[in-house]
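Below are the chains, spelled out letter by letter.
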Amino acid sequence: MIERDKALELFRKYNKSESLYHHALSVEATMRAFSVMENEDPEYWGIVGLLHDIDWEMFPEEHCRKAPELLKEIDMPDDMIHAICSHGYGLVTDVKPERQMEKILYTIDELTGLVYATALMRPEKMVGMSVKSVKKKWKDKSFAAGVNRELITKGSELCGIELPVLIETTIKAMSGVSSEIGL
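Residues numbered from 1 in each chain as written. Predicted model: local features only at pLDDT ≥ 70, side-chain atom pairs only at ≥ 80, totals over all residues. Heavy atoms only, no water.

Chemist: What is the right way to look at the overall build of the protein chain in this model?
Modeler: The helix and strand inventory of the protein chain stands at nine helices and zero strands. Listing each helix as α and each strand as β along the protein chain from the N terminus yields α-α-α-α-α-α-α-α-α. Over its C-alpha trace the protein chain gives a radius of gyration of 15 Å, about what one expects of a compact globule, namely 16 Å for 183 residues. Overall, the protein chain is about 40 × 35 × 30 Å in size when its C-alpha atoms are taken along their principal axes. A buried classification covers 53% of the 183 residues belonging to the protein chain. A sequence separation of at least 24 residues applies to 64% of the contacts in the protein chain between residues at least 6 apart. Element-wise, carbon and sulfur atoms account for 53% of the exposed surface of the protein chain, whose accessible area totals about 8,600 Å². One finds the centroid of the 23 positive side-chain charges in the protein chain at a distance of 8 Å from the centroid of its 31 negative side-chain charges. (Helix = DSSP H or I, 4+ residues; strand = E, 2+ residues; numbered from the N terminus. Rg over C-alpha atoms; globule rule 2.2 N^0.38 Å. Buried < 20%, exposed > 50% of the residue type's maximum accessible area, 1.4 Å probe, protein only. Contact = heavy atoms within 4.5 Å. Areas by Shrake-Rupley, 256 points an atom, 1.4 Å probe, with all protein chains shown as cover. Lys, Arg positive; Asp, Glu negative; His and termini not counted. Charge placed at Lys NZ, Arg CZ, Asp CG, Glu CD.)

Chemist: Would you mind showing me how to read the pattern of salt bridges here?
Modeler: Close approach of charged atoms allows side chains of opposite charge to pair. Under the counting rule described, the total for this entry stands at 10 salt bridges. Lys72 is paired through a salt bridge with Asp78; the nearest N and O atoms lie 2.7 Å apart. Classification of Asp78 by relative accessible area gives exposed; the value is 55%. Here Arg99 and Glu102 are joined by a salt bridge, their closest N and O atoms 3.0 Å apart. For Arg99, a relative accessible area of 32% puts it in the partly exposed group. When salt bridges with common partners are traced through the structure, they connect Arg4, Glu28, Arg32 and Glu43 into a single cluster. (Salt bridge = Lys/Arg side-chain N within 4 Å of Asp/Glu carboxyl O.)

Chemist: Please explain the packing of aromatic side chains as it appears in this structure.
Modeler: Given two aromatic rings, their pairing is described by the distance between the two centres and the angle made by the two planes. Taken as a whole and assessed by the stated rule, the structure comprises two aromatic pairs. Ring geometry for Phe11 versus Tyr21: centroids 6.3 Å apart, planes at 40°, classification tilted. With Phe11 in helix α1 (residues 4-14) and Tyr21 in helix α2 (residues 18-37), the pair connects residues that are 10 residues apart, well separated along the chain. The same class applies to Phe11 and to Tyr21, which are both buried. Relative to Phe59, the ring of Tyr14 lies with its centre 6.4 Å away and its plane at 50°, an arrangement referred to as tilted. (Phe/Tyr/Trp six-rings, centres within 6.5 Å; stacked < 30°, edge-to-face > 60°.)

Chemist: Just checking my understanding: could you explain the environment of Arg4 for this structure?
Modeler: Its location among the elements puts Arg4 in helix α1. Relative accessible area serves as the criterion here: at 27%, Arg4 is assigned to the partly exposed category. For the pair Arg4 and Thr170, spaced 166 residues apart in sequence, the C-alpha to C-alpha distance is 21 Å. With near-sequence residues (within four places) excluded, Arg4 lies in contact with Leu25, Glu28, Arg32, Ile47 and Leu50.

Chemist: Where do I start with the nonpolar core in this structure?
Modeler: Across soluble globular proteins, you tend to see nonpolar side chains buried next to one another. The biggest cluster of nonpolar side chains holds 60 residues, and the ones touching the most others in it are Leu51, Ile54, Leu71 and Met76. In terms of residue count, the dominant contributor to this core is helix α6 (residues 100-120) (10 residues). In this structure Ile54 touches Leu10, Phe11, Tyr14, Asn15, Ala67, Leu70 and Leu71, once residues within four positions along its chain are discounted. (Core = buried A, V, L, I, M, F, W, Y, C linked by side-chain atoms within 4.5 Å.)

Chemist: Hey, could you run me through the packing of helix α7 (residues 131-139) against helix α9 (residues 163-176) in this one?
Modeler: Helix packing for two helices is described by the angle between their axes and how far apart those axes are. Where α7 meets α9, the axes come as close as 9 Å, and the angle between the chain directions of the two elements is 115°. Judged on the interaxial angle alone, α9 and α7 are roughly perpendicular. For the pair α7 and α9, the sense of crossing is right-handed. Each of Val131, Val134, Lys135 and Trp138 in α7 lies in contact with α9, whose residues at this interface are Leu163, Pro164, Ile167, Glu168 and Ile171. Broken down by class, the residue content of the contact of α7 with α9 amounts to seven nonpolar, no polar and two charged. (Axes fitted to C-alpha atoms, helices over the stretch in contact; angles between N-to-C directions. Parallel < 35°, antiparallel > 145°, perpendicular 65-115°, else oblique. Left-handed = near helix turned anticlockwise from the far one by under 90°. Nonpolar A, V, L, I, M, F, W, Y, C, P; charged D, E, K, R; others polar.)

Worth remembering: the numbers are spatial, not functional.
See the structure below:
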C-alpha cells in the first residue's frame, strides 16, 4: 500500500495550485466515504482519490495519459493506476471504469466540483448544506458551467447509486474536511 505522506509529496511535486490541492482533498475524502459504504479499504480508495489528477496541472494536454509515468515514481500498483486513468473515460482516455471504485471516482470527480462551487456561494459554506441546495444549483446551467452534469448522471447510472445518495455522501465527506479545503 502506498503511504499517504508519499502520495501527498508526489501530488505536491506536480501540482502547486491550492484549488487543485483542495479538489484532490475533496475527492480523497469522498472516496474514503464511499469505500466505507462499499465495505472496501478507505486507505486504498483515498489514495486513488488524492492522486487522480496527478498530471492535470503540469500536463493538461496529456491528462490521464501522463499519470502512469508519474505514479510509477512511488511504485504505485497497476490496479491503482488503472483506476486513476479511468476517471477520464470518454473525455481524455479510453480506459474504462470497470470496478465499483472506478465508477464512483468517475462520477464524484465532477460532483465534488459542483458541491464546492455551491459551498462558495453560501455564507455558512459547508455548514448545513443539503442535497436540495446542490440540486437547486444543478438546475442552473450557468452556475459552475464547467461541471459536466451529464457525466455525473451517467456515472450515477454506471455505479448504481442514486443521485441524491451521491450528493448527500459527497456533502458529508467534504464537510468533514471543510477546514482543509478552504470551506
